[in-house]
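Architecture and fold: a report
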Amino acid sequence: MPLRNPVLTYNVVKASAAQNIYHFSPFLNRHYFALPTNPGEQFFMFCTLAAWLITKAGHPFEQPQEYDDPNAIISNVLSELRSFGRPVDFPPSKLKAGYGEQACYVLDCLAEEALKYTGFSWKRPTYPTEELEEEEITEDDAELTLNKLEEDVAEEESDNEENFIDLNVLKAQTYRSDMNDSAKQEEILQSTIDAAEWNLEVERVLPQLKVTVRTDNKDWRIHVDQMHQHKDGIESSLKETRGYLDKLHNEISRTLEKINSREKYINNQLEHLVQEYRSAQALLSEAKEKYQEGSGGVTERIRVLSEITEVLERVKQETEEKGSSMTDGAPLVKIKQALTKLKQETTQMDIQIGVIEHTLLQSKLKEKSSMTDMHATMISEATVGAY
């Protein structure tokens with residue numbers, strides 16, 4: 001899953017604030033949800049921002065509180081994200097930290113849906129006009145000699161005829177000032193000015209006496225001069241560095257030769273030991289093979305022994321059970337108790353049968369007596385009717 005733009009959420013918040021929709025927390029920097037700073041605070045801010053974006057996208061969503069169940073909040077946010085048709089191919093536990101690729105993905109998708117719902121459209125960027133500032137050259141290059149000034153002025157006159165310096169006028173002014181100074185020096189025979197005050201005045205007016213020329217850094221001549229300076233510096237550094245590198249190469253070569261000679265000497269001196277070591281290695285490999293074969297046979301025999309031991313244990317257990325059952329009198333006692341109980345039950349059944357027979361006999365006698373009485377009554381009634 002590609003990482004979406006983590007600063008889009010911040011841009012959405014900023015754009016919404018510009019539209020007087022809502023201004024979110026001011027400490028949401030560009031990488032707030034991309035890097036871990038405070039997981040608890042980031043998770044709460046993630047849930048709050050996600051709920052706000054879902055609401056702005058047209059789906060009502062309750063703002064989460066600080067003590068709500070995080071699993072329920074994440075489940076609701078992901079269900080809303082799926083309702084927008086966005087795929088969710090990561091477990092919800094990835095969002096509990098409040099930062100990372102998944103959090104940026106969720107906020108990015110919700111921000112896009114909020115922008116679509118509000119009808120926000122990006123305007124054309126307006127680029128500010130850059131004003132070229134002329135930089136002054138450094139103080140070391142500020143002092144120019146008269147010859148250098150003449151060369152620069154001649155070059156400037158060839159490029160731009162409007163900006164020029166009249167060298168003849170400059171020379172004439174310089175000549176007049178020199179003549180005036182010499183005349184004044186002839187007039188002044190003895191100076192009355194203190195040397196310390198003179199030095200202070202010289203230091204004060206010294207920056208004003210320097211001739212400074214404002215140059216354009218985009219001029220190709222400056223780039224050419226810089227290239228020549230860098231080339232000279234590289235060549236001078238290369239000469240010094242090449243000597244060190246050659247010296248280092250010679251030392252390394254001599255060291256490698258010494259190592260090769262030592263290695264050959266050691267190999268010649270230890271040839272017989274190497275042969276013995278190789279023969280010992282061969283014997284060791286053979287012994288290991290034999291050991292592996294023997295260990296394989298031992299393992300198989302141990303397995304067979306364990307199976308035989310299990311069978312023997314089972315047979316012993318069965319024999320012990322049969323012997324204990326044969327010598328134990330508990331079954332006989334149980335049989336006697338069962339017989340006694342059976343006799344008691346038989347006696348009780350006999351008593352119950354006698355009682356039932358007696359009851360049945362009484363009922364039959366009662367029925368017979370009732371039938372006899374009924375017959376006698378019928379005969380007497382018939383006799384009385386005949387008379």
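What you see is a predicted model; the values in this text were computed from it and never measured.

Our next topic: the overall build of the protein chain. Each helix and strand counted, the protein chain has 11 helices and zero strands in total. Ordered by position in the sequence, the α and β elements of the protein chain form the string α-α-α-α-α-α-α-α-α-α-α. Within the protein chain, the fraction of its 387 residues that count as buried is 15%. For the protein chain, restricting intrachain contacts to residue pairs at least 6 apart in sequence, the fraction spanning at least 24 positions comes to 61%. A total of about 32,000 Å² of accessible surface is found on the protein chain, and carbon and sulfur atoms cover 56% of it.

Moving on, we get to the packing of helix H3 (residues 70-83) against helix H4 (residues 101-118). Running from N to C, H3 and H4 point in directions that differ by 50°, and their axes come no closer than 11 Å. The orientation of H3 with respect to H4, classified from their angle, is oblique. Along this stretch, H3 crosses H4, giving a crossing that reads as left-handed. On the side of H3, the interface is formed by Val 77, Leu 78 and Leu 81, while H4 contributes Tyr 105, Val 106, Cys 109 and Leu 110. For the contact of H3 with H4, the per-class residue count stands at seven nonpolar, no polar and no charged.

The tally for this structure, following the rule as stated, stands at two aromatic pairs. Considering the side-chain rings of Phe 90 and Tyr 105, the 6.2 Å spacing of their centres and the 85° angle between planes classify their relative orientation as edge-to-face. Separated by 15 residues along the polypeptide, Phe 90 in the loop between H3 and H4 and Tyr 105 in helix H4 bring together distant segments of the chain.

With that out of the way, let us pick up the environment of Gly 100. On the secondary structure map, Gly 100 appears in the loop between H3 and H4. The spatial distance from the C-alpha of Gly 100 to the C-alpha of Leu 35 is 6.7 Å, given a sequence separation of 65 residues.

With respect to the helices, strands and loops of the structure, Arg 86 is situated in the loop between H3 and H4. Here the side chain of Arg 86 touches Glu 112 through a polar contact of 2.8 Å, side chain to side chain. Only 3.2 Å separates the side chain of Arg 86 from the side chain of Glu 113, close enough to count as a polar contact.

This structure, assessed with the given rule, holds five salt bridges. Among the ionic pairs, Arg 86 bridges to Glu 112, the shortest N-O distance being 2.8 Å. Here Arg 86, found in the loop between H3 and H4, pairs with Glu 112, found in helix H4; they are 26 residues apart in sequence, far enough to count as distant. Judged by relative accessible area, Arg 86 falls into the buried class, the value being 15%.

Ranked by size, the top nonpolar core spans 33 residues in total, and within it Phe 33, Phe 46, Leu 53, Val 77, Leu 95, Val 106 and Leu 110 carry the most contacts. Counting residues per element, the ones that place at least two in this core are helix H2 (39-56), H3 and H4. It is H2 that provides the largest number of residues to this core, a total of 10 residues. Not counting chain neighbours up to four residues away, the residues in contact with Phe 33 comprise Leu 28, Gln 42, Met 45, Phe 46, Leu 49, Gly 98, Tyr 99, Gly 100, Cys 104 and Leu 107.

One can describe the packing of H2 onto H3 by two numbers: an axis separation of 11 Å at closest approach and a directional angle of 35°. Crossing angle aside, the handedness with which H2 passes H3 is left-handed. In this structure, H2 contributes Phe 43, Cys 47, Ala 50 and Ile 54 to the contact, and H3 contributes Pro 70, Ile 73, Ile 74, Val 77 and Glu 80. Looking at the contact of H2 with H3, its residues break down into eight nonpolar, no polar and one charged.

Structurally, the α-helix is built with 3.6 residues per turn, so residues lying three or four positions apart point the same way. Counted at 1.5 Å a residue, the expected span for helix H8 (residues 195-209) with its 15 residues is 21 Å, and the 20 Å between its end C-alpha atoms agrees. Along H8, the sharpest change in direction is near 30° and occurs at Glu 203; proline Pro 207 comes one to four residues later.

On the surface, a cluster of nonpolar side chains totalling about 470 Å² of accessible area is made up of Leu 245, Leu 248, Ile 252, Leu 256 and Ile 259. Along the chain, Leu 256 turns up in helix H9 (residues 220-269).

Tracing the backbone through its elements, the reader meets Glu 80 in helix H3. Of the side chains with opposite charge, Arg 82 lies nearest to the buried Glu 80, which makes no salt bridge, at 10 Å. A polar side-chain atom of Glu 80 sits 3.0 Å from a polar atom in the side chain of His 59. Not counting residues up to four positions away in its chain, the partners in contact with Glu 80 are Ile 54, His 59 and Phe 61.

Now for a negative patch on the surface. On the surface, a cluster of negative charge is contributed by Glu 313, Glu 318, Glu 320 and Glu 321. You can see Glu 318 is positioned in helix H10 (residues 271-327). Among the residues examined, Glu 318 registers a relative accessible area of 43% and is labelled partly exposed.

Across the protein chain, pLDDT averages 76, with 73% of residues at or above 70. The lowest-confidence element of the protein chain is helix H1 (residues 8-18), averaging 40 in pLDDT; the highest-confidence one is H9, averaging 89. A low-confidence stretch, residues 134-146 (pLDDT under 50), is modelled with 16 contacts involving residues beyond four sequence positions or located in other chains. Taken together, the stretch residues 160-167 has pLDDT below 50 and engages in five contacts with residues farther than four places along the chain or on a different chain.

Reading the values: the criteria
- Residues numbered from 1 in each chain as written.
- Predicted model: local features only at pLDDT ≥ 70, side-chain atom pairs only at ≥ 80, totals over all residues.
- Heavy atoms only, no water.
- Helix = DSSP H or I, 4+ residues; strand = E, 2+ residues; numbered from the N terminus.
- Buried < 20%, exposed > 50% of the residue type's maximum accessible area, 1.4 Å probe, protein only.
- Contact = heavy atoms within 4.5 Å.
- Areas by Shrake-Rupley, 256 points an atom, 1.4 Å probe, with all protein chains shown as cover.
- Axes fitted to C-alpha atoms, helices over the stretch in contact; angles between N-to-C directions.
- Parallel < 35°, antiparallel > 145°, perpendicular 65-115°, else oblique.
- Left-handed = near helix turned anticlockwise from the far one by under 90°.
- Nonpolar A, V, L, I, M, F, W, Y, C, P; charged D, E, K, R; others polar.
- Phe/Tyr/Trp six-rings, centres within 6.5 Å; stacked < 30°, edge-to-face > 60°.
- Polar contact = N/O pair within 3.5 Å; in protein donor to acceptor, adjacent residues only side chain to side chain.
- Salt bridge = Lys/Arg side-chain N within 4 Å of Asp/Glu carboxyl O.
- Core = buried A, V, L, I, M, F, W, Y, C linked by side-chain atoms within 4.5 Å.
- Expected span 1.5 Å × (residues − 1).
- Bend = angle between axes of the 7 residues up to and from the residue.
- Patch = residues over 30% accessible without salt bridge, like charges linked within 9 Å, V, L, I, M, F, W, Y side chains within 5 Å.
- Lys, Arg positive; Asp, Glu negative; His and termini not counted.
- Charge placed at Lys NZ, Arg CZ, Asp CG, Glu CD.
- pLDDT = per-residue confidence, 0-100.

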